[in-house]
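Coordinate inspection notes
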Amino acid sequence: MLRVAVVGSGPSGVYTAQHLAQQREVPVRVDVLDRLPCPFGLVRYGVAPDHEKIKSLQGNLRTVLEDERIRFLGHVEAGGPELPAHRLLELYHAVVYCVGAARDRRLGIPGEELAGVRSATDFVSWYSAHPDAAEERFGLDAVGSAVVIGAGNVAVDVARILARGVADLLPTDIPQTALGALTASGVREVHMVARRGPSQAKFTTKELRELGGLSGVATVVRPEELALDPAYADPSAPLPGPVRRNVEVLRGWAGAPGGPALRRIGLRFYLRPVEVLGRDGRATGVRFERTVPDGRGGVTGTGVFEEVPAQLVLRSIGYEGVALPGLPFDPRTCTVPHAAGRILREGVPAEGEYVAGWIKRGPTGVIGTNRPCAKETVGSLLADAARLVSRPRPADPLTELRAAGLRPVEWRGWLSIERAEAELGRSLGRRSVKIPDWSGLLTAAGGR
Ligand code: NAP
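Counting restarts for each chain: residues are numbered from 1 in the order of the written sequence. Local features in a predicted model are, by the rule used here, given only for residues with pLDDT of at least 70; side-chain atom pairs are given and counted only at 80 or more, and totals for whole chains, interfaces and linings are based on all residues. To obtain the side-chain values, all non-hydrogen atoms of the structure were used and water was disregarded.

Brief notes about the site of the ligand
Heads up, the condition is: We call a residue near a molecule or strand whenever a single non-hydrogen atom of that residue lies within 4 Å of it. N or O atoms within 3.5 Å of each other form a polar contact, as long as, within protein, one can give a hydrogen and the other can take it, and as long as residues adjacent in sequence are counted only when both atoms are side-chain atoms. Residue-level accessible areas treat just the shown protein chains as cover; the underlying method is Shrake-Rupley with a 1.4 Å probe. By the criteria applied, helices consist of DSSP H or I runs no shorter than four residues and strands consist of E runs no shorter than two, each listed in order from the N terminus. Think of it as three bins: nonpolar holds Ala, Val, Leu, Ile, Met, Phe, Trp, Tyr, Cys and Pro, charged holds Asp, Glu, Lys and Arg, and polar takes everything else, Gly as well.
Taken together, 24 residues are adjacent to the ligand, and A151, N153, R195, R196 and G365 come closest. One nitrogen or oxygen atom from the side chain of N153 is found 3.1 Å from an oxygen atom belonging to the ligand. G365 has a polar backbone atom sitting 2.9 Å from an oxygen atom of the ligand. Burial of the ligand by the protein chains amounts to 84% of its free accessible area of 920 Å². With 3 residues, helix α7 (residues 153–163) is the single largest residue contributor to the shell around the ligand. Residue composition of the shell around the ligand, grouped by class: 11 nonpolar, 7 polar and 6 charged.

The following block contains the structure:
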């Protein structure tokens, strides 16, 4: 019996477990480990609460984790002092790291350290009730104008949550503290700012279009900022579909008559941040330099500057992977070096160690992108299986984990958390509401 540990229970981890369980050639048992007591990774702690359709993917992931050959072991930190990478390999024939890209990237401009400048990741963790963000506070009552730097889907998510009325969020599982802060929010203007043009924006059209459908919210676009990159200058050549659809939506908004609105989302292009401005240690705005296309897909500065007032600045410029103790790491790409999912140590495939998901290919793609990525890794692992399974391993790694002092939260513990969240929701007159802190989650998981 091949025993595999999958580290991480987000989409890439669960799809890895699914591919392993789906095949019939190699008898397998899979433990899906997670540092958190709750499964589903970014589907639970990244997908915005109002994106219920994407959130419903949890149902599919859940079915996988309920397979009798798969076992969820939450509250187990692989790579930590109690379970270093080399120890994991003594317990399992193979280990697949699906740990995502945990850290947000920084702008590296003056003023970034001012109060009021935060990462979109922190904001997302806060409104998603990530237990590591239990101490986070986003006081929005004194914020009239917010700047979101970046033009990816995370920027769209945070701009939408800032602009959206709380009535729309009430039926979601957003934690009570975030709901309270958003209810008291003074935000009237959200500026989402891209350093390049609309044809290079990273957001997808479905997400973009949603901004135009928010009740009481006007989307504002300046026609003069919609110039296409020179790569698309030939009017007779068709634009690639995703670019064309984004540009069509933006042009539609640029041509629309402005009406009264409670809040406005301004989409700005060709502005690169050069400094966060502040007073008394707090952000008061962002200074941008106007850019123009450089003819190679990038932009170049023009020496013309513009200041946008803001009491909250969210940088939303992508994630990056974090080195896991005991594993090789490429600091240039912030990924683990691999060949078809086999981890490379000094350029040579390491026996029994694999990667899948963002830590393998970088933080790109939608949730479904993780399926083929996991499939490739599992293909490599199964090709190595005969050799791997010949090495003796303990009968049940869980016994060893407990002996090492770990207290895994098993599937029934997670089901207890779910019940406690439903109960919390009922007590607040809402649907299920997420428990936002470690002690609450662990208590709910099993009376600790
Ligand atoms: P992203 O898609 O990589 O977008 C990052 C944005 O930040 C880009 O617009 C980029 O501009 C900009 N940027 C990078 N460095 C910058 C700098 N120094 N100054 C100014 N701007 C800078 O990253 P993301 O939004 O974090 O999303 C990560 C992944 O999650 C994506 O694959 C995304 O589609 C996915 N996601 C999907 C959903 C959904 O499907 N609903 C929701 C959330 C996230 P340049 O292009 O000029 O570099």
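What about the pairing of strand β12 (residues 282–293)?
Selection rule: Only strands joined by at least two bridges in the DSSP assignment are considered to pair.
As paired strands, strand β11 (residues 271–279) and β12 are joined by 8 bridges and run antiparallel to one another. Of the residues in β12, the one forming a bridge with V276 is V286. Between β11 and β12, which pair antiparallel one after the other, the connecting turn spans 2 residues, and D280 there sits at a positive phi close to 50°. Inspection of the sheet shows β12 paired to strand β13 (residues 299–309) by 8 bridges, in the antiparallel sense. When the bridges of β13 are listed, R287 appears paired with E307. Counting the residues in the hairpin turn of β12 and β13 gives 5 residues, including G295, whose phi is positive at 85°.

Side note on the domain arrangement of the chain
This is how the line gets drawn: Domain start and stop positions are those given by an automatic or database domain assignment. In what follows, residue pairs with any heavy atoms lying within 4.5 Å of each other are defined as contacts. Put simply, buried area is the surface a 1.4 Å probe can reach on two separate parts but cannot reach once they are joined, added for both. Salt bridges are counted wherever a side-chain nitrogen of Lys or Arg sits within 4 Å of a carboxyl oxygen of Asp or Glu.
Per the domain assignment, the segments of the chain are domain 1 (2–102 + 321–409) and domain 2 (105–318). Computed from C-alpha coordinates alone, the two centres of domain 1 and domain 2 are separated by 33 Å. On the side of domain 2, 18 residues touch domain 1, which itself brings 13 residues to the contact. Summed over both sides, the interface of domain 1 with domain 2 buries roughly 1,200 Å², with 54% coming from carbon and sulfur. On the surface where domain 1 and domain 2 come into contact, there are 3 salt bridges. Note that D50 and R164 form a salt bridge whose closest N and O atoms lie 2.4 Å from each other. Of all elements in the fold, only α2 (41–45) and α3 (52–55) reach the threshold of two or more residues within the side of domain 1 that touches domain 2. Residue contributions to the side of domain 1 that touches domain 2 peak at 3 residues, all from α3. Looking at side-chain class alone, the side of domain 1 that touches domain 2 contains 6 nonpolar, 2 polar and 5 charged residues.

Concerning the packing of aromatic side chains
We count it as follows: Note on aromatic contacts: the rings of Phe and Tyr and the six-membered ring of Trp form a pair at centre separations within 6.5 Å, being stacked when their planes are under 30 degrees apart, edge-to-face when over 60 apart, and tilted otherwise. Buried residues are those whose accessible area, probed at 1.4 Å on protein chains only, stays under 20% of the maximum for their type, while exposed residues exceed 50% and partly exposed ones sit between those limits.
The tally for this structure, following the rule as stated, stands at 7 aromatic pairs. With 5.8 Å between their ring centres and 85° between their planes, F40 and W414 make a pair best called edge-to-face. In this pair, F40 is assigned in the loop between β2 (28–33) and α2 and W414 in helix α15 (residues 411–427), connecting sequence segments 374 residues apart. In this pair, the class of F40 matches that of W414, namely buried.

Focus on the packing of helix α1 (residues 11–22) against helix α4 (residues 57–65)
Put simply, the test is: To obtain an axis, a line is fitted to C-alpha atoms, over the contacting stretch when the element is a helix, and the angle between two such axes runs from 0 to 180 degrees between their N-to-C directions. Angles are sorted into four bins: roughly parallel if under 35 degrees, roughly antiparallel if over 145, roughly perpendicular if 65 to 115, and oblique for all others. The handedness criterion is simple: a crossing whose near helix is rotated anticlockwise from the far helix by less than a right angle is left-handed, and one whose near helix is rotated clockwise is right-handed.
The interhelical angle for the contact between α1 and α4, taken along N-to-C directions, is 45°, at an axis separation of 9 Å. Relative to α4, the element α1 is oriented oblique. Here α1 runs over α4; the crossing is left-handed. Here α1 contributes V14, Y15 and Q18 to the contact with α4, which in turn contributes L57, L61, V64 and L65.

As for the pattern of salt bridges
A complete count under the given rule lists 37 salt bridges for this structure. Across the pair E210 and R160 runs a salt bridge whose closest N-O atoms are separated by 3.6 Å. You can see E210 sitting in helix α10 (residues 205–211) and its partner R160 sitting in helix α7, a full 50 residues away along the chain. On the accessibility criterion, E210 (23% relative accessible area) is partly exposed. The partner of D330 in a salt bridge is R332, and the shortest N-O contact between them spans 3.1 Å. One continuous salt-bridge network, built from bridges that share partners, spans D50, D157, R160, R164, D168 and E210.

Brief notes about the layout of surface pockets
Let me state the cut-off plainly: Space inside and on the surface of the protein is sampled on a 1 Å grid over the protein atoms alone, with a cavity defined as a set of points where a 1.4 Å probe fits but cannot get out and a pocket as an open set with protein on both sides within 12 Å along at least 5 of 7 lines; lining residues have an atom within 4 Å of a point. Grid points are joined across faces, edges and corners, and a volume is the space filled by probe spheres set on the points.
Taken as a whole, the second largest pocket spans an internal volume of roughly 340 Å³. Here the element with the most residues in the lining of the second largest pocket is α15; it accounts for 3 residues. Here the lining of the second largest pocket is built from residues that sort into 4 nonpolar, 4 polar and 8 charged. Here the lining of the second largest pocket spans two domains, since at least three of its residues come from each of domain 1 (2–102 + 321–409) and domain 2 (105–318).

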